Amino acid sequence: MITKYTVKRVKSGIPGFDDLIEGGFPSGTTVLVTGPTGSGKTTFGVQFVYKGAELYGEPGVIVTLEERAQDLRREMLAFGWDLEKYEKEGKLAIIDGVSAVVGLPSEEQYVLEGNLNAEDFLRYIYRVVKAIDAKRLVIDSIPSIAFRLRKENEIREVLLQLNTILLEMGVTSILTTEAPEPGRGRISRYGIEEYIARGVILLDFIEKEVELKRYLLIRKMRETKHSMKKYPFEINEEGVVVYPSGEVY
Ligand SMILES: Nc1ncnc2c1ncn2[C@@H]1O[C@H](COP(=O)(O)OP(=O)(O)O)[C@@H](O)[C@H]1O
Ligand SMILES: [Mg+2]
């Protein structure tokens, strides 16, 4: 007898999105969120981890490499997301990867030193994931890891090792990256990100009359039936909201 293998799904916490991917991300998968600046990558990634803690009781880690933890906390309050509350409950941990680099004092519990080597970086993330028994992780962003490394060309090696570690820990992860020319085939900076990612989501803009409209495209999602349509989404007071039955012209 053949038993149908069912994939365990992790709900994204993004309204409308799970309808596009059979109910959620395959558990333990690594998903790349790519797009130009302002497209919503940070919001998407933080929302995934925050909603995990708030709605599904799953602890999560946010590695912030583009803005200080305190700035991120403040910005996310605009969506009504009180990160600090869940940090105090041990359901969220923010690794501040900015303060040390720009030479600002930090009172954060989890701080990444500047000038890291690849092992330090990976070991630190591993430690924090284990410390709170995290099930979700976001690293924002991949290109900014490269700038933290003593040798920038170690980035490929770091990404390959990161992939192994993430799979071993069993966390469901979002990695953000910038797409240099999303419409023209290039969807990541180093080219290796999409190779390690089991899913790729593109966030982008399309020009419509006199304004830009946001859309989302699922380029790849292993173990999942999904369309290659462009779906409209918004960033509003709830964060990222996707419209599965909307049209993008
Ligand atoms: N509170 C908010 N309400 C509505 N839109 C917002 C809010 N905060 C940010 N945005 C929108 O989200 C954009 C930034 O999204 P972000 O996730 O930081 O993008 P990225 O990380 O891709 O650069 C802003 O340019 C703005 O358009
Ligand atoms: Mg960002």
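Per an unreviewed UniProt entry, the recorded name for the protein is KaiC domain-containing protein, and the organism is Thermococcus cleftensis.

Peer 1: Would you mind going over the packing of helix α5 (residues 118-132) against helix α7 (residues 155-169) with me for this structure?
Peer 2: In helix packing, the relevant descriptors are the interaxial angle and the interaxial distance, both defined with respect to the helix axes. Running from N to C, α5 and α7 cross one another at 20°; their axes reach a closest spacing of 10 Å. Comparing their axes, α7 and α5 come out roughly parallel. The way α5 lies across α7 gives a crossing that is right-handed. Here α5 contributes Ala118, Phe121, Leu122, Tyr126, Val129 and Lys130 to the contact with α7, which in turn contributes Val158, Gln161, Leu162, Ile165, Glu168 and Met169.

Peer 1: Looking at this structure, I do not really get the site of ligand 1. What am I missing?
Peer 2: The local shell around ligand 1 holds 13 residues, among which Gly38, Lys41, Thr42, Thr43 and Arg214 are the closest. Between ligand 1 and Gly40 there is a distance of 3.0 Å, counted from an oxygen atom to a backbone nitrogen or oxygen. Here Arg214 contributes a side-chain N or O atom positioned 2.8 Å from an oxygen atom of ligand 1. Burial of ligand 1 by the surrounding chains reaches 61%, relative to a free accessible area of 580 Å². Only α1 (41-56) and β10 (230-236) provide two or more residues apiece to the shell around ligand 1. Here the element with the most residues in the shell around ligand 1 is α1; it accounts for three residues. Here the shell around ligand 1 is composed, by residue class, of four nonpolar, seven polar and two charged.

Peer 1: So what exactly am I meant to see when it comes to the environment of Phe233 here?
Peer 2: On the secondary structure map, Phe233 appears in strand β10. In this structure, Phe233 is in contact with Ser39, Leu203, Arg214, Tyr215, Leu216, Val240, Val241, Val242 and Tyr243, ignoring residues within four places of it in sequence.

Peer 1: What is the right way to look at unusual backbone geometry in this model?
Peer 2: Outside of glycine, negative phi angles account for most residues, and trans bonds account for most peptide bonds. Geometrically, the link from Asp140 to Ser141 is a cis peptide bond, its omega value of 10° lying close to zero. Secondary-structure assignment places Ser141 in the loop between β6 (136-140) and α6 (142-148). For Glu22, which is not glycine, the phi dihedral falls at a positive 60°. Note on placement: Glu22 falls in the loop between β1 (9-10) and β2 (25-26). Exposure remark for Glu22: the relative accessible area of 45% places this residue in the partly exposed category.

How each quantity is defined
- Residues numbered from 1 in each chain as written.
- Chains lettered and ligands numbered in written order.
- Predicted model: local features only at pLDDT ≥ 70, side-chain atom pairs only at ≥ 80, totals over all residues.
- Heavy atoms only, no water.
- Axes fitted to C-alpha atoms, helices over the stretch in contact; angles between N-to-C directions.
- Helix = DSSP H or I, 4+ residues; strand = E, 2+ residues; numbered from the N terminus.
- Parallel < 35°, antiparallel > 145°, perpendicular 65-115°, else oblique.
- Left-handed = near helix turned anticlockwise from the far one by under 90°.
- Contact = heavy atoms within 4.5 Å.
- Near = heavy atom within 4 Å.
- Polar contact = N/O pair within 3.5 Å; in protein donor to acceptor, adjacent residues only side chain to side chain.
- Areas by Shrake-Rupley, 256 points an atom, 1.4 Å probe, with all protein chains shown as cover.
- Nonpolar A, V, L, I, M, F, W, Y, C, P; charged D, E, K, R; others polar.
- Buried < 20%, exposed > 50% of the residue type's maximum accessible area, 1.4 Å probe, protein only.

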